Each structure stands twice: as structure tokens, then as C-alpha cells.
Amino acid sequence: MDRDTALAGLKPHIRDYAEPTDVLVETTTRCNLDCSMCPHGGLEREQGSMSRETWTHVVTQIAREWPKTRVWPAIMGEPLLRGRELFEMIDEAKTVGVASVCLNTNLLGLATDRMDDLLACGVDRIFVGVDAASAQTYERIRRGGDFAQLQERLRLLLDARQRRRRGPRIALQFVVQEENEHEEAAFVESWKSAGYDVELKIRPRVGWSYGVESAAEVRRTASVADRIPCLWLLRQMAVFWNGDVPRCDADYEGNEIFGNVRETSLTEIWRKLGVLRRRHLGGDFSMSPCAGCDDWAAGRSETIECRAAASCSGSAERESVAS
């Protein structure tokens, strides 16, 4: 998908949202990998894992105040490192009325005998970071990872999902960057013929504002395209493991905190964040980190639907930037 098309697809969604479409909830900052497209390795703020009390407080408010909002147990860290407790947390979120829970994972933190537990916990969508078609490329990007182990876990998960005939939708993500762009076609072709009901999500590498270098095509778009308000800022709220809410998830160090969920309601914090949304909507991008951030230019990701009958086609409905 060319960048002009990707950006054009964002424009109908540019508005001031009364509530977030997505809340990212950092269940832990621990991670088992050191990925080239993630700033986790240089994280300087205090690290830890969210208490069950804080999790309950957050998901209960979301279910009560924002019944259509999706919850993502993600920012920094690998959620599956919480083990069985993560399944309990997702089950709790669904039980109290959260509309949808979406999990981003590298899958390597999941034991091979826990696939059914993951599928049964109530999660609605699972996004697995793959980013390669070969072990050499995977292990260059997903440093500390093992491509053979990932492939084994993917097959086990997808086989278990096929047997259940119902359950969460599973997407395999390919973040396009200079290290792997030569393997994008091979990645797509290999999963087209794999015989699974699975989605392929293709998107360019973003920079996390100042964290890593964004993909070359994103930088080129940012240099020539008319600046538009950032959909991450307009649509999302991020909650750190300790309850702090930064201006956006790209402010992963929390340089400006707009409240803490243990002291202030999510609704009140979202109102405070409205100052930033209105500045963007008014064409003012001068605040930090927005002034130097290219992530707005990444546009929309492309989703390719694959079926068990080995038919595969580009999705007519592209996933939004918030996914």
C-alpha cells in the first residue's frame, strides 16, 4: 500500500473523541527479547509489573464508562511473561464487561502446553510479532529470539485454534523495515499456502517518537506530506504499570504525566489529554515529542486474510493505525 493511500484512509477518523477507542495497559515492563524496532532496551523510567488491584481498577472503569473501548495489555514488556496470571486478568476484564481485549505478543513466553489456556481466557484478538520469513532475519530483528521455537509455537497455537473452530482471531504481524523488507513477499506467500485461518498484518516500522529510527518510507512521507493530527494521540490512552498516564504511548519514558489512575478517574484524565488533541486538531504540532515524531506518517496497516482452504486475499477493510 502506498503512503498516500495509507494517509488518506486516516482522514475520516480525524476528530476529537469523547472517549478513547483503545486503552493500552502496561501489565509489565519485563521482556524476553531486545527487538530492533522497540526502545525497551534503553528504558530509563522505573520498571515493574502492574498490581492486580490497579488492573481491576482500570478495567472496571473502562467497562463502566467506555463500553466500546478496546483494552490492549501492552506498551513496554511481554505480557505473557506474567504466565497464568495474564489469563486470569484477561478473563476478569471480559467478565466485568470490557468489549474487546487484544494481545500483542512475541509468543516465546508461552509454554507449549498452554495454547488452549490462551485461547480460552477470553482474549478477542492475538497479534504475534513475526517480522521475517527466515531464521537469520528474525534473529537479527528479534534479538534473543529463536525462529524455530516461534514456528513451533505458532503451529501449535494455530492448530489448537483450528480444532476449537471458534475463539480469538489470530494475526501474524510483519513490521516492514530495512532489515526485512526483502522477505515481505516470502512471508506472505508462505502463510498463504499454510492452510490456516489467520490474518497477516503488514505495517511500517514507527519510531516511538524519539525511541528508534522509523522506516525509510515513513521518514520520506513525513518530509513531503501535509502534516495531519496523529491518530494515536487522538484515539488512544496509555496506562503505565504504576498507574501513570503519559501524553501518549510514544512518550514511553513518561516525560509528561497527566494523572495516575489510582488518584484520578480515567474520564478526567482523558479530558486533560484533550488539550493535546485540540492542539493537533488546530494544526499545532509544536509540543514535545510531537514536533520531532514521524509516527503520524505511518498511515494505516494492511491486513491480508488467509483461509484454511489456502485462499488468501488483501482485506477490503484495512486495520486502523490504532491496531
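See the structure shown above.
Residues numbered from 1 in each chain as written. Predicted model: local features only at pLDDT ≥ 70, side-chain atom pairs only at ≥ 80, totals over all residues. Heavy atoms only, no water.

K.L.:
Can you help me understand the side chain of Thr 221 in this one?
P.N.:
Assignment of secondary structure puts Thr 221 in helix α8 (residues 216-224). According to the relative accessible area criterion, Thr 221 is buried, its value standing at 7%. From its side chain, Thr 221 meets the backbone oxygen of Glu 217 in a polar contact 2.9 Å long. (Helix = DSSP H or I, 4+ residues; strand = E, 2+ residues; numbered from the N terminus. Buried < 20%, exposed > 50% of the residue type's maximum accessible area, 1.4 Å probe, protein only. Polar contact = N/O pair within 3.5 Å; in protein donor to acceptor, adjacent residues only side chain to side chain.)

K.L.:
Which parts of the structure should I look at to understand the pairing of strand β8 (residues 198-204)?
P.N.:
Each regular strand carries side chains that alternate between the two faces of the sheet. In terms of burial, β8 is a largely internal element, six of the seven residues being buried. Strand direction decides the pairing type here: strand β7 (residues 169-176) and β8, joined by six bridges, are parallel. Paired with Phe 174 across the bridge in β8 is Ile 202. Both β8 and strand β12 (residues 302-306) contribute to a ladder of five bridges, which runs antiparallel. The residue of β12 that forms the bridge with Leu 200 is Ile 304. (Pairing = 2+ DSSP bridges.)

K.L.:
What should I look at first to understand the packing of helix α2 (residues 52-65) against helix α3 (residues 84-96) in this one?
P.N.:
Helix-helix packing: each pair is described by the crossing angle between the helix axes and the interaxial distance. Running from N to C, α2 and α3 point in directions that differ by 30°, and their axes come no closer than 9 Å. By the criterion of interaxial angle, the relationship of α2 to α3 is roughly parallel. The interaxial crossing formed by α2 with α3 has right-handed handedness. Where α2 approaches α3, its residues Arg 52, Trp 55, Thr 56, Val 59, Thr 60 and Ala 63 are matched on the opposing element by Glu 85, Glu 88, Met 89, Ile 90, Glu 92, Ala 93 and Val 96. The residue inventory of the contact of α2 with α3, partitioned by class, reads seven nonpolar, two polar and four charged. (Axes fitted to C-alpha atoms, helices over the stretch in contact; angles between N-to-C directions. Parallel < 35°, antiparallel > 145°, perpendicular 65-115°, else oblique. Left-handed = near helix turned anticlockwise from the far one by under 90°. Contact = heavy atoms within 4.5 Å. Nonpolar A, V, L, I, M, F, W, Y, C, P; charged D, E, K, R; others polar.)

K.L.:
How should the environment of Arg 84 be read in this particular structure?
P.N.:
Inspection of the secondary structure puts Arg 84 in helix α3. Remark: the alpha-carbon pair of Arg 84 and Glu 178, spanning 94 residues in sequence, is separated by 36 Å.

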